[in-house]
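Below are the chains, spelled out letter by letter.
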Amino acid sequence: VLWSGDIAASWDTYRKQIAAGLNFCATGIPYWTVDIGAFFVKDGGLWYWKGEYSDTTEDLGYRELFVRWYQWGSFLPVFRGHGTDCRRELWKFGDTGEPFYEALLAANRLRYELMPYLYSLAGAVWREDASIMRLLAFDFPEDTKVWDCKNQYMFGKNLMVCPVTTPMYYERNSVKLTGVPETREVYLPAGTGWYDYYTKEYFEGGQTIVCDAPLDRIPLFVREGSILPKAAAARSTAEQSDALTMEVYGGCDGKFVLYEDAGDGYGYETGEYRCVPLLWKDAEKKLYGTDADVFAGRKITTTIFGK
C-alpha cells in the first residue's frame, strides 16, 4: 500500500489528490490511499507545513472539507484517516444529530454496505491483476470527453464516483457561505446507461447532468447491467452478518464474480476461497447464481431496478 505523503489541508490539495490517485493506479499498482483530511491541518511556518485551518476541527470550514475528503476516502482501495495537528475521530467533528458528524457516519455505513462488492474487487486484484480505482478512459476509451477527466472515476467496473471538490457551506474561519447550490455537474460516459445510486433514476449516457450533492451525499452512479452485492451496515466486518442483498440495475445483461474467504489470514493463498459467478439476463429479468451451494442457509435478497 502506498499513500500520497504528508500533504497539507486545502481544497486545492484535495482536488489534486484525486487526479494523483487515478494516475498512480493507472501504473498497475492497485492499493493507493491518502491521509484523509490531510496530514498537516495548521500552518506550521515551514514550507511543507502549510495547512489552512489554524482552528482545526473547531473551524466549520475544515469540518466541511474533512467530510468531503472522508466521503471520497470511502471509495479508495484503502480507507484511512491519519495526520497531525488534531485528532481525527468522527466525534471530533460534531455530536449526534449534527450535520458534519451524521454525514461522516453515512459515509461509514455506505462503505460497510458495499463491503461484499469491495472485497470482491480486492479478490479480483489478487486473482486477475485487476484495478479498483479506474480512470474513466479505461472503461470508455471511445468517449473522448472522459480522456482528461480528473474528478470522476470508476470504482471497479460498476460504480462511478463523483467527489464534491468545492465548499458549499463554509469557508475558512467558519465564514458561512450563502447562495451556493448543493449540486455538482456530472458527466455520464457514453455507451451505457446510468442509475443514480440514491434515487435509482435512470439516465442515458453521453450527457452532463446536475445532480444533488448535499453534505451527507457523495454523488454516485451505477452502470447499467450492474450486479451489486451488498450487506447490512455494521460497526466492523466482524459484526456483519452473511446475509446479502443483490442489487441488479437492468437495461442490459450483466455479470459479477462474488469473492469470499475467511476474511483474515493467508488461507486464500492455498485455495481457501470461493468465487460465485452471478449472471443477469435482462430479457428474462432473472439473476442466475444465487442458488449456488455457498448460499445455502443464508438470507439472499434480490432487488431489481429497471428503466
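Quantities reported herein were computed from a predicted structural model and do not represent experimental measurements.

1. Digging into the overall build of the chain
Logical step 1: Regarding its fold elements, the chain presents five helices and 16 strands.
Logical step 2: By the compact-globule yardstick of 19 Å for 307 residues, the chain fits well, its C-alpha radius of gyration being 20 Å.
Logical step 3: Principal axes of the C-alpha set define a box for the chain whose edges measure 60 × 45 × 40 Å.
Logical step 4: When burial is assessed residue by residue, the chain has 50% of its 307 residues classed as buried.
Logical step 5: Residue pairs at least 24 apart in sequence account for 68% of intrachain contacts in the chain once pairs closer than 6 positions are excluded.
Logical step 6: When the accessible surface of the chain is totalled, it reaches about 14500 Å², and 50% of it is carbon and sulfur.

2. What to know about the pattern of salt bridges
Logical step 1: With the rule as written, the count across this model stands at 17 salt bridges.
Logical step 2: Close ionic contact of Glu-52 with Arg-172 constitutes a salt bridge, the shortest N to O distance being 3.8 Å. Linking Glu-52 in the loop between β2 (32-33) and α2 (60-73) with Arg-172 in the loop between β5 (159-161) and β6 (183-188), this pair joins segments that are 120 residues apart in sequence.
Logical step 3: A relative accessible area of 43% places Arg-172 in the partly exposed class.
Logical step 4: Measuring nitrogen to oxygen at the nearest pair gives 3.8 Å for the salt bridge that ties Arg-298 to Asp-242. Remark: Asp-242 occurs in the loop between β11 (227-230) and β12 (244-249) and Arg-298 occurs in the loop between β15 (286-288) and β16 (300-305); sequence separation between them is 56 residues.
Logical step 5: A relative accessible area of 14% means that Arg-298 is categorised as buried.
Logical step 6: Residues participating in the shared-partner salt-bridge network are Asp-242, Glu-260, Arg-274 and Arg-298.

3. Comments concerning the packing of aromatic side chains
Logical step 1: One pass over the structure, following the stated rule, counts 28 aromatic pairs.
Logical step 2: Between Phe-140 and Trp-194 the ring centres are 5.7 Å apart and the planes differ by 55°, which places this aromatic pair in the tilted class. Note that Phe-140 is positioned in the loop between α5 (136-139) and β4 (153-155) and Trp-194 in strand β7 (residues 193-196), a separation of 54 residues in sequence. When sorted by exposure, Phe-140 lands in the same class as Trp-194, which is buried.
Logical step 3: Positioned above the aromatic ring of Phe-305, the side-chain terminus of Lys-200 is 4.8 Å from the ring centre.
Logical step 4: Sitting over the ring of Tyr-198, Arg-217 keeps its end group 4.5 Å from the ring centre.

4. So, the sheet that holds β15
Logical step 1: Sheet architecture is open: three strands sit in the order β13-β14-β15, paired in antiparallel fashion. On the outer flanks of this sheet lie β13 (254-261) and β15, each paired with one strand and no other. Here the average twist between neighbouring strands, direction ignored, is 20°.
Logical step 2: Taken together, the three bridges between strand β14 (residues 273-281) and β15 define a ladder with antiparallel strand orientation. For Lys-281, the partnering residue across the bridge sits in β15 and is Lys-286.
Logical step 3: Packed onto the sheet, helix α4 (residues 115-128) meets β13 and β14 and runs at close to 85° relative to β13.

5. A closer look at the nonpolar core
Logical step 1: One finds Tyr-62, Trp-69, Trp-72, Phe-75, Tyr-153, Phe-155 and Leu-159 to be the most contacted residues of the largest nonpolar core, which totals 73 residues.
Logical step 2: Setting aside residues up to four positions removed in sequence, Tyr-153 forms contacts with Ile-18, Leu-22, Trp-72, Phe-75, Leu-76, Met-133, Arg-134, Leu-136, Leu-159, Met-160, Val-161 and Pro-163.

6. A look at α4
Logical step 1: For α4, with 14 residues, the first-to-last C-alpha span of 19 Å sits near the 20 Å given by 1.5 Å per residue.
Logical step 2: Among all positions of α4, only Met-115, Pro-116, Tyr-117, Leu-118, Ser-120, Leu-121, Gly-123, Ala-124 and Val-125 are buried.
Logical step 3: Buried positions along α4 lie against α3 (99-113), β4, β5, β11, β12 and β13.
Logical step 4: Following α4 by one or two positions, Asp-129 adopts a phi angle in the positive range, close to 55°.

7. Topic: α3
Logical step 1: Taking 1.5 Å as the rise per residue, α3 with 15 residues should run 21 Å; its terminal C-alpha atoms sit 21 Å apart, in good agreement.
Logical step 2: Every buried residue belonging to α3 is among Phe-100, Tyr-101, Ala-103, Leu-104, Ala-107, Leu-110, Arg-111 and Tyr-112, and all of these are buried.
Logical step 3: Looking at the buried positions of α3, the neighbouring elements they touch are α2, α4, β4 and β10 (220-223).

8. Focus on the packing of helix α1 (residues 11-25) against α2
Logical step 1: Close contact between α1 and α2 brings their axes to 11 Å; oriented N to C, the two are set at 5°. Of the possible angle classes, the one that applies to α1 and α2 is roughly parallel. Between α1, through Trp-11, Thr-13, Tyr-14, Gln-17 and Ile-18, and α2, the contact on the second element is made entirely by Glu-64, Leu-65, Arg-68, Trp-69 and Trp-72.
Logical step 2: Residues of the contact of α1 with α2, tallied by class, amount to six nonpolar, two polar and two charged.

What counts as what
Residues numbered from 1 in each chain as written. Predicted model: local features only at pLDDT ≥ 70, side-chain atom pairs only at ≥ 80, totals over all residues. Heavy atoms only, no water. Helix = DSSP H or I, 4+ residues; strand = E, 2+ residues; numbered from the N terminus. Rg over C-alpha atoms; globule rule 2.2 N^0.38 Å. Buried < 20%, exposed > 50% of the residue type's maximum accessible area, 1.4 Å probe, protein only. Contact = heavy atoms within 4.5 Å. Areas by Shrake-Rupley, 256 points an atom, 1.4 Å probe, with all protein chains shown as cover. Salt bridge = Lys/Arg side-chain N within 4 Å of Asp/Glu carboxyl O. Phe/Tyr/Trp six-rings, centres within 6.5 Å; stacked < 30°, edge-to-face > 60°. Lys NZ or Arg CZ within 6 Å of the ring centre and 35° of its normal. Pairing = 2+ DSSP bridges. Axes fitted to C-alpha atoms, helices over the stretch in contact; angles between N-to-C directions. Core = buried A, V, L, I, M, F, W, Y, C linked by side-chain atoms within 4.5 Å. Expected span 1.5 Å × (residues − 1). Parallel < 35°, antiparallel > 145°, perpendicular 65-115°, else oblique. Nonpolar A, V, L, I, M, F, W, Y, C, P; charged D, E, K, R; others polar.

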